[in-house]
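Chain residues, written in single-letter form:
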Amino acid sequence: MQLSSRLRCFIAVVLLGCVACLSTWAQLKSPKIEEWGFEVVAKYPHDVQAFTQGLQFHRGKLYEGTGSYGASTLRRVNWQTGEVEQQVPLQPQLFGEGITILEDKLYQLTWQNRVGLVYAVDTLAPLKTFEYSGEGWGLTHDGQYLIMSDGTSLIRFLDPKTFKVEKKISAHMGKQKINSLNELEYIEGEIWANIWHEDRIVRLSPQDGQVLGWINLAGLYPRPPQDNERVLNGIAFDPETKKLVVTGKYWPELFEIKLVKNRVSK
């Protein structure tokens, strides 16, 4: 049976209308990605010898994990003066990475050693170690699980008692994976992550890893062109005061910032 030209035209119009409706629905359903800039609220001294890998507020103090073989540390810092109040050196063969504090314990990753360290947060006395597969980069928590990155787009959720991986998500924006996730901070229901060698922070959904927004920190601290490793790395948020600070590896300053909304993109 052959269709008349009028019927064929009618079907074509209906199909085009369906396509247009589907396109409009997809645009309405697609998440809008928030983009933010920043304003500097205050600057504080920061140890230029600190190869910053992890940053965390706890009870008014700032805790910092630093890296490099033979120079890795865990330290408690007076964030207003930059004074290191207490410091624990890691064994020379360990390269320190991200840290987080959950309840009364402080957890610290190492880079390629596949071992994590657990301390008593009040004394920084070592308590035990734990093992994990792959590399350790950033570390945070959501009140229930330890959340770690490994330099790819992968984020793992670990039981803090057994260190078993309970969940995995991948950072992504649509079909594009977001790799090189470095230092992490869990902020008001979102995972914030430094992107290694980039002057921006990505905000991620802890449910599925979808990008919720970007924070552009370009110009905060210009990197010397001859030193490619003095990169932005370190996010700390105090949920009580809402204070947000950032710094970088070997940076001389700790920056308290507030976000300024730029625009919304798709």
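To be clear, the structure that these remarks concern was listed above.
Residues numbered from 1 in each chain as written. Predicted model: local features only at pLDDT ≥ 70, side-chain atom pairs only at ≥ 80, totals over all residues. Heavy atoms only, no water.

**Observations concerning the sheet that holds strand β6 (residues 96-102)**
Here is step 1 of the chain: Read from one edge of the open sheet, four strands run β6-β7-β8-β9, paired in antiparallel fashion. The open sheet has two edge strands with one neighbour each: β6 and β9 (126-131). Here the average twist between neighbouring strands, direction ignored, is 20°.
Here is step 2 of the chain: Looking at chain direction, strand β8 (residues 115-120) and β9 are connected through five bridges and run antiparallel. Residue Y119 lies in a different strand from β9, and its bridge partner there is P126. (Pairing = 2+ DSSP bridges. Helix = DSSP H or I, 4+ residues; strand = E, 2+ residues; numbered from the N terminus. Axes fitted to C-alpha atoms, helices over the stretch in contact; angles between N-to-C directions.)

**Notes on the pairing of strand β12 (residues 154-158)**
Here is step 1 of the chain: Where burial is concerned, most of β12 is hidden: four out of the five residues are buried.
Here is step 2 of the chain: Alignment of strand β11 (residues 146-149) against β12, held across four bridges, turns out to be antiparallel. In the sheet register, M148 faces β12, and the bridge partner there is R156.
Here is step 3 of the chain: Remark: four residues form the turn of the hairpin made by β11 and β12, two consecutive strands paired antiparallel; G151 in that turn has positive phi of roughly 95°.
Here is step 4 of the chain: Bridge analysis of β12 against strand β13 (residues 165-170) gives five bridges, and the strand direction is antiparallel. Counted as the bridge partner of F157 is K167 from β13.
Here is step 5 of the chain: Counting the residues in the hairpin turn of β12 and β13 gives six residues, including F163, whose phi is positive at 65°. (Buried < 20%, exposed > 50% of the residue type's maximum accessible area, 1.4 Å probe, protein only.)

**So, the nonpolar core**
Here is step 1 of the chain: Counting residues in hydrophobic clusters, the biggest one holds 16 residues, and the most contacted among them are I155, L181, I191, V202 and L204.
Here is step 2 of the chain: Elements supplying a minimum of two residues to this core: β12, β16 (181-187), β17 (190-195), β18 (200-204) and β19 (211-216).
Here is step 3 of the chain: Ranked by the residues each element gives to this core, the list is headed by β17, at three residues.
Here is step 4 of the chain: Counting 15 residues, the second largest nonpolar core, distinct from the first, contains I187, I215, I235 and F237. (Core = buried A, V, L, I, M, F, W, Y, C linked by side-chain atoms within 4.5 Å.)

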